[in-house]
Amino acid sequence: MMGVLGVRRGLEWLLGVYFLSHIPVTLLIDLQALLPRELYPIELRNLQQWYAKEFKDPLLQDPPTWFKSFLLCELVFQLPFFPFATYAFFKGGCKWIRTPAIVYSVHTMTTLFPVLSTLLFENFSKASGFKGEGPKTFHERLTLVSVYVPYFLIPLTLLLFMLRSPHYKYEEKRKKK
C-alpha cells in the first residue's frame, strides 16, 4: 500500500511543479504574443524573441489568429486555474480538483493537436506567405515539437490519473433512511 501512496504523491508533486512552473511561462513568455508589447520589459521581449528565433517557432514569431485565440483561453481559463491546481497537488488528496483537472487536461490536449500538426506539417516557406523563420528540416521540426509535446503529455497523464485513480473517484453518498 505504501508503494501506491508513494507513486500517487510523486505524481501529485510532478503535477504541482508543472502547474507552478506554468504560471511564469504563461505570464512572461506565452502571453507576449497576445498582450501589448509595452507590458513587457525589453529583457523579457528579448528572451521571447531569442526563443522564437533559436527554436524557429513560427507561432510566436508571427502568431496566427487561431493561435492567439488559444492564448486568450490560456489567459482567461487556464491561468486562473494554475494556482488552485498547484495548491491541490502539492497538498495532495484534494478530491475537489478532479473535475477542473479533467476539463483543463481535455482542453489543453485539444488545443495541442492543431499546434503540433502545424509545427509538423505546415509549409513555412516565404512562398507560402509566412513572414518569420520556421523550421526547415525534419530535425528542426522535431526539436520544436519537443518543446510543445510535454504540454500534451502531462495533461494526458493528468487526465488518466484523475479518471483511473481510486483516490480521486467520487463515492456516491446515499441518504440513510
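Residues numbered from 1 in each chain as written. Predicted model: local features only at pLDDT ≥ 70, side-chain atom pairs only at ≥ 80, totals over all residues. Heavy atoms only, no water.

Trainee: Tell me about the overall build of the protein chain, and name the residues and values.
Mentor: Assigned secondary structure in the protein chain consists of seven helices and zero strands. Going from the N terminus to the C terminus, the protein chain shows its helices and strands as α-α-α-α-α-α-α. Considered along the principal axes of its C-alpha atoms, the protein chain spans approximately 75 × 35 × 30 Å. In the protein chain, which comprises 177 residues, the share counted as buried stands at 40%. Counting only contacts in the protein chain whose residues sit at least 6 apart along the sequence, the fraction spanning at least 24 positions is 73%. With an accessible surface of roughly 10800 Å², the protein chain has 68% of that area assigned to carbon and sulfur atoms. For the protein chain, the distance from the average position of its 21 positive side-chain charges to the average position of its 13 negative side-chain charges is 13 Å. (Helix = DSSP H or I, 4+ residues; strand = E, 2+ residues; numbered from the N terminus. Buried < 20%, exposed > 50% of the residue type's maximum accessible area, 1.4 Å probe, protein only. Contact = heavy atoms within 4.5 Å. Areas by Shrake-Rupley, 256 points an atom, 1.4 Å probe, with all protein chains shown as cover. Lys, Arg positive; Asp, Glu negative; His and termini not counted. Charge placed at Lys NZ, Arg CZ, Asp CG, Glu CD.)

Trainee: Let's hear about the nonpolar core: which residues, and what values?
Mentor: If you look at the biggest cluster of nonpolar residues, it comprises 39 residues, and the most contacted ones within it are Phe19, Phe81, Phe89, Ile97, Tyr148, Leu158 and Met162. Those elements that place two or more of their residues in this core are helix H1 (2–28), helix H2 (42–54), helix H3 (58–61), helix H4 (65–91), helix H5 (98–121), helix H6 (138–148) and helix H7 (150–164). The residues contacting Met162, other than those within four sequence positions of it, are Phe89, Ile97, Arg98, Ala101, Ile102 and Tyr168. (Core = buried A, V, L, I, M, F, W, Y, C linked by side-chain atoms within 4.5 Å.)

Trainee: Describe in detail the side chain of Asp57, supporting the description with residues and values.
Mentor: Summarising the element assignment, Asp57 is placed in the loop between H2 and H3. One buried charge, Asp57, has no salt-bridge partner; the nearest side chain with opposite charge is Arg141, at 11 Å. Among the polar contacts made by the side chain of Asp57, one reaches the main-chain amide nitrogen of Leu59 at a distance of 2.9 Å. Other than its neighbours up to four places away in sequence, Asp57 contacts Tyr51, Ala52, Leu144 and Tyr148. (Salt bridge = Lys/Arg side-chain N within 4 Å of Asp/Glu carboxyl O. Polar contact = N/O pair within 3.5 Å; in protein donor to acceptor, adjacent residues only side chain to side chain.)

Trainee: Residue-level account of the pattern of salt bridges, with values.
Mentor: A full pass over the atoms with the stated rule returns four salt bridges. Two residues, Glu12 and Arg8, come together in a salt bridge whose shortest N-O distance is 3.3 Å. Of the two residues, Glu12 and Arg8 both sit in helix H1, four residues apart, roughly one turn of that helix. Here Lys56 and Glu140 are joined by a salt bridge, their closest N and O atoms 2.6 Å apart. Residue Lys56 is found in the loop between H2 and H3, and its partner Glu140 is found in helix H6; the two are separated by 84 residues along the sequence. Classification of Glu140 by relative accessible area gives partly exposed; the value is 22%. Via salt bridges that share partners, Arg8, Arg9 and Glu12 belong to a single interconnected network.

Trainee: Kindly report on a nonpolar patch on the surface, identifying the contributing residues and their values.
Mentor: A cluster of nonpolar side chains, Phe84, Tyr87, Trp96 and Tyr170, forms an exposed patch at the surface whose accessible area comes to about 500 Å². Looking at where Phe84 falls in the secondary structure, it is placed in helix H4. (Patch = residues over 30% accessible without salt bridge, like charges linked within 9 Å, V, L, I, M, F, W, Y side chains within 5 Å.)

Trainee: Which residues make up the environment of Met162, and what values go with them?
Mentor: Considering the arrangement of structural elements, one finds Met162 in helix H7. For the pair Met162 and Leu47, spaced 115 residues apart in sequence, the C-alpha to C-alpha distance is 35 Å.

Trainee: If you had to explain the environment of Ala101 to someone new, which residues and values would you point to?
Mentor: Mapped onto the fold, Ala101 is located in helix H5. For the pair formed by Ala101 and Lys169, sequence separation is 68 residues and the distance between their alpha carbons is 13 Å. Beyond its immediate chain neighbours, meaning those up to four positions away, Ala101 contacts Phe81, Phe89, Leu158 and Met162.

Trainee: Mind laying out H7, listing which residues take part and the relevant values?
Mentor: For an α-helix the count is 3.6 residues per turn, leaving residues at separations of three or four pointing the same way. Look at H7: 20 Å from first C-alpha to last across 15 residues, which is about the 21 Å you get at 1.5 Å a residue. Residues of H7 that are buried: Phe152, Pro155, Leu158, Leu159, Phe161 and Met162. (Expected span 1.5 Å × (residues − 1).)

Trainee: Let's hear about the packing of aromatic side chains: which residues, and what values?
Mentor: For any two aromatic rings, the description comes down to two numbers: the centre-to-centre distance and the angle of the planes. Enumeration over the complete set of coordinates arrives at 15 aromatic pairs. Aromatic pair Phe19 and Phe89: ring centres 6.0 Å apart, planes at 10°, arrangement stacked. Here Phe19 is found in helix H1, whereas its partner Phe89 is found in helix H4, with 70 residues between them in sequence. The residues Phe19 and Phe89 share a single accessibility class, namely buried. Pairwise contacts between aromatic rings join Tyr18, Phe19, Phe81, Phe82, Phe89, Tyr104 and Tyr151 into one cluster. (Phe/Tyr/Trp six-rings, centres within 6.5 Å; stacked < 30°, edge-to-face > 60°.)

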